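Observations on the three-dimensional arrangement
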Amino acid sequence: GLTPYERSAWSPFPYPYAEIRNAPWSLNERGVPVPLSLLREGREIIFEKGFGLGPPSEMTYFLPGGVYSEFRAATGIHSRLGSKTGMVFRVIGDRGILASAECGTVDDSREIRCGISGVKELTLKVELPGGSPWLGNSHAVWGAPELRKS
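Reference entry: report on the structure contained in this document. (Residues numbered from 1 in each chain as written. Predicted model: local features only at pLDDT ≥ 70, side-chain atom pairs only at ≥ 80, totals over all residues. Heavy atoms only, no water.)

Quick look at the sheet that holds strand 8 (residues 68-77) now. Strand order in the open sheet formed by four strands is 6-13-8-11, and the pairing between neighbours is antiparallel. The sheet is open, and its two borders are formed by strand 6 (50-53) and strand 11 (110-115), each paired with just one other strand. If you compare each strand with its neighbour and ignore which way they point, the axes differ by 25 degrees on average. (Pairing = 2+ DSSP bridges. Helix = DSSP H or I, 4+ residues; strand = E, 2+ residues; numbered from the N terminus. Axes fitted to C-alpha atoms, helices over the stretch in contact; angles between N-to-C directions.)

See the structure below:
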């Protein structure tokens, strides 16, 4: 898999740690691992691959030229840990927005798909609506992120 070459300068506990940021779980307020999960049509989906982030935050990846054509991921608010507000997920390619999804509640997970042919720098970003500052105990999930080959 790809490793991010850059992440936002600030990320809330515990997400700065690489082994947690790339693990298929998040941590609750007591530091206990909780599987990465989203609700879809009333059913909880647990992801074996993906990562959790505390908004606002982002991770940026270099992509090799001519290899990938599409990015896909399930996005939303962690089904067990929740959030105090909605979130906006953005996929940014070479500094332009390729796709975005707004999730207002824990029941409002979304699939993101976008073309990335020719993109050299891919950023996955999660924000709070209106650019609000960080809120504690807000847990975003990027579930089963996938780069599809050309």
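A few words now on the nonpolar core. F71, F89, V91, I112, I116 and W142 are the most contacted members of the largest nonpolar core, which totals 25 residues. If you list the elements that add at least two residues to this core, you get strand 6, strand 7 (57-62), strand 8, strand 9 (87-93), strand 10 (96-103), strand 11, strand 12 (121-127) and strand 13 (140-149). Sort the elements by how many residues they give to this core and strand 8 lands first, with four residues. Counting six residues, the second-largest nonpolar core is a separate cluster that includes L36, L38, I45 and F47. (Core = buried A, V, L, I, M, F, W, Y, C linked by side-chain atoms within 4.5 Å. Buried < 20%, exposed > 50% of the residue type's maximum accessible area, 1.4 Å probe, protein only.)

Tracing the sequence through the fold places T60 in strand 7. A distance of 2.8 Å separates polar atoms of two side chains, one belonging to T60 and the other to T123. (Polar contact = N/O pair within 3.5 Å; in protein donor to acceptor, adjacent residues only side chain to side chain.)

Looking now at the pairing of strand 5 (residues 43-46). Both strand 4 (residues 37-40) and strand 5 contribute to a ladder of four bridges, which runs antiparallel. Paired with L39 across the two strands is E44, which belongs to strand 5.

Further remarks concern the packing of aromatic side chains. One pass over the structure, following the stated rule, counts three aromatic pairs. The interplanar angle of 80 degrees and the centroid separation of 5.3 Å between the aromatic rings of F89 and W142 together place this pair among those described as edge-to-face. Pair noted here: F89 is in strand 9 and W142 is in strand 13, with a separation of 53 residues, a long-range link. Each member of the pair, F89 as well as W142, is classed as buried. Put simply, the rings of F51, F71, F89 and W142 pair up and form one aromatic cluster. (Phe/Tyr/Trp six-rings, centres within 6.5 Å; stacked < 30°, edge-to-face > 60°.)

Relative to strand 13, strand 6 runs antiparallel, the two sharing four bridges. Bridge pairing links G50 to G143 in strand 13. As paired elements, strand 8 and strand 13 share eight bridges and run antiparallel to each other. Counted as the bridge partner of I77 is A140 from strand 13.

Below, the discussion takes up unusual backbone geometry. Across the junction of P55 and P56, the peptide omega takes the value -5 degrees, indicating a cis bond. With respect to the element layout, P56 can be found in the loop between strand 6 and strand 7. One non-glycine residue, D94, lies in the positive phi region at around 50 degrees. Tracing the backbone shows D94 in the loop between strand 9 and strand 10. By relative accessible area, which is 39% here, D94 ends up partly exposed. Phi at A144 is positive, roughly 50 degrees, even though this residue is not glycine.

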